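# Architecture and fold: a report
Each chain, letter by letter, is given below.
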Amino acid sequence: LSSAPADVAYLRSVLPSTTEDAFFDYLATLDTSEVTLSAVPEGSVVFARVPFLQVKGPLLVVQLLETMLLCLVNYASLVATNAARFRLLAGPKVKLMEMGLRRAQGPDGALSASKYSYIGGFDCTSNILAGKLYGIPVRGTIAHSFIMSFTSLEEVQPRELLPLAGGKPVDLPALAESWLQRVCELLQTPPEKANRGELGAFVSYAITFPRDFQGLLDTYCVRRSGLPNFCAVALALHQLGYQAIGVRLDSGDLAQQSKEIRRVLRACGAHFQVPWFETIPIAVSNDISEQSLEKFNQEGSEINMIGIGTNLVTCPLQPSLGCVYKLVEVNGSPCLKLTEDKEKMTIPGTKTIYRLYDAAGHPFMDLMALEEEPSPSAGRELVVRVLGQLGETSKVVPTTVETLHHMYFRDGQVCEPLPSLLEVRSHAQVSLSLLSPAHRHLHEPQPYPVAMTEKLHHLLAELRQATQ
């Protein structure tokens, strides 16, 4: 945090003319050397009402940090959470590709969405700039416009492809045409129904990327054109020593079509004695939502990769995240914000946050304690007050106790090595996997209890009494 002369001059131009010069002189000297910042490690699961960030320092400085910190945290947490929900629905084996650049709220929003969806569990992105800046794996497929730009095999240039093992170049369009006849005979579909422009596009792509050939099947008719054309080109490539890497669907009943496509791929693999053909990955896209994934799970599918854009990066189920930044202590004195809305009432005092684990290794409660209180001990009974049930005490015995906050910034310096994006992603997946199934449900999960110590509860009660 710093104030350049141009920044101070701008503030002079917009603030009231009665603002004292000493205020602007002070702004010019601002720095963060007196600020400390502790936080839950990036990628951790955080529950409602649990402070995940604690900032200490001169009041004016920490207030100036408020909007910046909330801006950095809110959308990032929202997208990572949304991505994690998709990952939980998809299961561990299905690959997830973020492809929301066209629908994101501007270039900055798109880059943030790519980065934080990767943390949330996505495997790759179609955003090349995000791949360059953050090291996220990038993936893509043929576009419909590329396929539609061809009208015949005669347009394919160049036409020849060298076999992988070496030898004379082979006329790939002619070889694919011959394979198309054999595939259509097997599938009992008329060869003339297969669009020759589509076949030309597939062949041209295969000549350019023989080791990375994939087909977009639904530009015309999947059953009569896209699938036979793909199989023909993939089998032609196989004859030359290459292996196709996948197909994609972008419309229709994706689950049902994936099963039909898998049946055809297995039939071709068995008939033409090409074992790997049966396991060619099937990718799908087309406005995929959580409901789409639930449908895939209910109906069963042969889908191996899912591309998600709009419903990932715009977070339509919850367009914003309501993280707040509240004052809890001034000059060593705890303070409290009272409101008729109990959800907005703050918990006073500088606090330490603990996560309590059961014998199965699942977290079962987060506990807020005043900073000066001794740490709870594993195996020792604790008397706590659960938020929402503050009128009664509960007793718990944790098997393991974890202190959630780490100190990251002190004396103007980063004081703990910051993890790489891959490390943050790994930590996020481990954090999610530790949750009990009851807390991990996406629909009507069992509420996760957040509690406070008796000492903190007494402080809260005293301050509430004093301010009423």
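This text gives an overview of the structure that appears in the document. Within every chain, residues take consecutive numbers counted from 1 along the sequence as written. Thresholds applied to this predicted model are a pLDDT of at least 70 for local features of residues and 80 or more for the giving and counting of side-chain atom pairs; totals over whole chains, interfaces and linings are not thresholded and use all residues. To get the side-chain values, take all heavy atoms of the structure and skip hydrogens and water.

What follows is about the pairing of strand β20 (residues 450-453). In this scheme, a residue with accessible area under 20% of its type's maximum is buried, one over 50% is exposed, and one in between is partly exposed, where area comes from a 1.4 Å probe on protein chains only. Runs of H or I in DSSP of at least four residues are treated as helices and runs of E of at least two as strands, each being numbered from the N terminus. In β20, alternate side chains face the same way, and those of V450 and M452 on one face and A451 and T453 on the other are all buried. Bridging between strand β15 (residues 382-386) and β20 involves three bridges; their strand directions are antiparallel. Its bridge partner lying in β20, V386 is registered against A451. Paired strands, as defined in this entry, are two strands with at least two bridges between them according to DSSP.

Mapped onto the secondary structure, E98 falls in strand β3 (residues 95-98). For E98, which is buried and forms no salt bridge, the nearest opposite charge comes from R102, at a distance of 10 Å. Any pair of nitrogen or oxygen atoms within 3.5 Å is treated as a polar contact; in protein, a donor-acceptor pairing is required on top of that, and neighbouring residues in sequence qualify only through side-chain atoms on both sides. Within the structure, E98 has its side chain in polar contact with the backbone nitrogen of G100 (distance 2.7 Å). In what follows, a contact means two residues having at least one pair of non-hydrogen atoms within 4.5 Å. Residues contacting E98, with those up to four places away along its chain left out, are A113, S114, S117, F122, C124, T125, S126, N127, I308, L312 and V313. The sign given to each residue is positive for Lys and Arg and negative for Asp and Glu; His and the chain ends receive no count. Each reported salt bridge corresponds to a side-chain nitrogen of Lys or Arg within 4 Å of a carboxyl oxygen of Asp or Glu.

On to the pairing of strand β8 (residues 246-249), then. Both faces of β8 are covered, namely the face carrying G246 and R248 and the face carrying V247 and L249. Note that strand β7 (residues 214-216) and β8 share three bridges and pair parallel. What sits directly across from L216, in β8, is R248. Look down the strands so they point away from you; if going from the first strand over the helix to the second traces a clockwise path, that crossover is right-handed. Crossover handedness for the path β7 to helix α9 (residues 222-239) to β8: right-handed. Looking at chain direction, β8 and strand β9 (residues 282-284) are connected through three bridges and run parallel. Each bridged residue has a counterpart across the sheet, and for R248 the counterpart in β9 is A283. Once the chain exits β8 it traverses helix α10 (residues 254-271) before rejoining the sheet at β9, and the crossover so formed is right-handed.

Joining through side-chain atoms within 4.5 Å is the link that ties buried Ala, Val, Leu, Ile, Met, Phe, Trp, Tyr and Cys residues into a set, and such a set is a nonpolar core. The biggest cluster of nonpolar side chains holds 86 residues, and the ones touching the most others in it are L172, F213, F230, F277 and I306. Tallying contributions element by element places α9 first for this core, with 10 residues. Inspection of this core shows a minimum of three residues originating in each of domain 2 (37-51 + 328-467) and domain 3 (81-314). Setting aside chain neighbours within four positions, we find F213 in contact with F202, Y205, A206, F230, V233, A234, L237, A244, I245 and G246. Residues F47, I353, L370 and L404 belong to the second largest nonpolar core, which totals 21 residues. Where each domain begins and ends follows an automated or database-derived domain assignment.

This paragraph deals with α10. Note that an α-helix has 3.6 residues per turn; residues three or four places apart therefore point the same way. The span one expects for a helix is its residue count, reduced by one, times 1.5 Å. For α10, spanning 18 residues, the distance from its first C-alpha to its last is 25 Å, which sits close to the expected 26 Å at 1.5 Å a residue. At its buried positions, α10 is contacted by α7 (172-187), α9, β8, β9 and α11 (290-299).

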